[in-house]
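Okay, here's what each chain looks like letter by letter:
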Amino acid sequence: MRVFFAVRLSEEIQDRLCSVLHRLRPCCAKGRFTPRENLHVTLVFLGETAPERLPETRAAMEAVSAEPFSLHIGGMGCFRRSGGDLYWAGVERSAPLCRLYDSLCGELQKRGFPTDDRPYRPHLTLVRQAVLAEGCDRGAFVVPAMRMKVEKFSLMKSEQAGGRRLYTEIGAKNLERA
Ligand code: ATP
Ligand code: MG
């Protein structure tokens, strides 16, 4: 089972990002646009995980100690990929977001799950395998600043269903003030 931890988005932020996606469409000759319900900020991608290990992933999630915080979204960036670029909305690498990330990684490592060595680069994927339409300048892409109160994070199952990527929340942990 393919699983990852993520911060899910409020309806309001989903709406606002959908407007951004709508404006991006005519700028892309090709691209896989993230469906509204799939918009998220990945914390940790565990990948293929034996179902027997799910209780340990849940235990790691439960053990996380982090406070509610404000997620700051804004600006757009791009990861260059051979099959077409990936465009993302920026997510501020704020101290409380990093504390949540570090706590989660620590709890996963204690239970023997490998985590990424690379520095955490929080982002919100908008379009994958994007090829810009002629005459479009990626400098024109704008994501207005938005903020959202994060009060929980989620354990997500990821599967391919009917040619689409389907995410299902299979666990959640509320963030609590110390
Ligand atoms: P698809 O792979 O079909 O394009 P997807 O990337 O949305 O769809 P997953 O591959 O299951 O679905 O990934 C779930 C989330 O984890 C996505 O946000 C993805 O960017 C992130 N992710 C996937 N692989 C990694 C990885 N190796 N390291 C960090 N994050 C990853
Ligand atoms: Mg993927």
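The present account deals with the structure reproduced in this document. Note that the structure is predicted; figures quoted are calculated from it, not measured.

Topic: the side chain of D85
Phase 1 of the analysis: In this structure, D85 sits in strand β5 (residues 85–91).
Phase 2 of the analysis: Taking the relative accessible area as the measure of exposure, D85 reaches 11% and is therefore buried.
Phase 3 of the analysis: Within the local environment of D85, its side chain forms a polar contact with the side chain of R80, the two groups lying 2.3 Å apart.
Phase 4 of the analysis: Setting aside residues up to four positions removed in sequence, D85 forms contacts with C78, F79, R80, V127, R128, Q129 and A130.

Some remarks on the sheet that holds β5
Backbone-to-backbone hydrogen bonds join strands into a sheet, with any given pair of strands oriented parallel or antiparallel.
Phase 1 of the analysis: Read from one edge of the open sheet, five strands run β2-β6-β5-β4-β7, paired in antiparallel fashion. Whereas interior strands pair on both sides, the edge strands pair on one side only; in this sheet they are β2 (28–33) and β7 (146–150). Averaged over neighbouring strand pairs, the angle between their axes works out to 35° when direction is ignored.
Phase 2 of the analysis: As paired strands, β2 and strand β6 (residues 123–132) are joined by four bridges and run antiparallel to one another.

What about the layout of surface pockets?
Phase 1 of the analysis: Taken as a whole, the largest pocket encloses approximately 1,200 Å³ of empty space.
Phase 2 of the analysis: Residue lining of the largest pocket: 35 residues in total, with T42, F45, H123, T125 and R128 positioned closest to the centre.
Phase 3 of the analysis: Taken together, the elements giving at least two residues each to the lining of the largest pocket come down to β1 (2–8), β2, β3 (40–48), α3 (95–110), β6, β8 (152–161) and β9 (164–174).
Phase 4 of the analysis: Examining the composition of the lining of the largest pocket, we find that five residues originate from one element, β3, more than from any other.
Phase 5 of the analysis: Roughly 160 Å³ of internal volume is contained in the second largest pocket.
Phase 6 of the analysis: Secondary-structure elements contributing two or more residues to the lining of the second largest pocket are α3 and β9.
Phase 7 of the analysis: Classifying every residue of the lining of the second largest pocket by side-chain character gives six nonpolar, two polar and four charged.

Each value, and the rule that gives it
Residues numbered from 1 in each chain as written. Chains lettered and ligands numbered in written order. Predicted model: local features only at pLDDT ≥ 70, side-chain atom pairs only at ≥ 80, totals over all residues. Heavy atoms only, no water. Helix = DSSP H or I, 4+ residues; strand = E, 2+ residues; numbered from the N terminus. Buried < 20%, exposed > 50% of the residue type's maximum accessible area, 1.4 Å probe, protein only. Polar contact = N/O pair within 3.5 Å; in protein donor to acceptor, adjacent residues only side chain to side chain. Contact = heavy atoms within 4.5 Å. Pairing = 2+ DSSP bridges. Axes fitted to C-alpha atoms, helices over the stretch in contact; angles between N-to-C directions. 1 Å grid on protein atoms, 1.4 Å probe; cavity = no way out; pocket = protein on both sides within 12 Å on 5 of 7 lines; lining within 4 Å. Points joined across faces, edges and corners; volume = space filled by probe spheres on them. Nonpolar A, V, L, I, M, F, W, Y, C, P; charged D, E, K, R; others polar.

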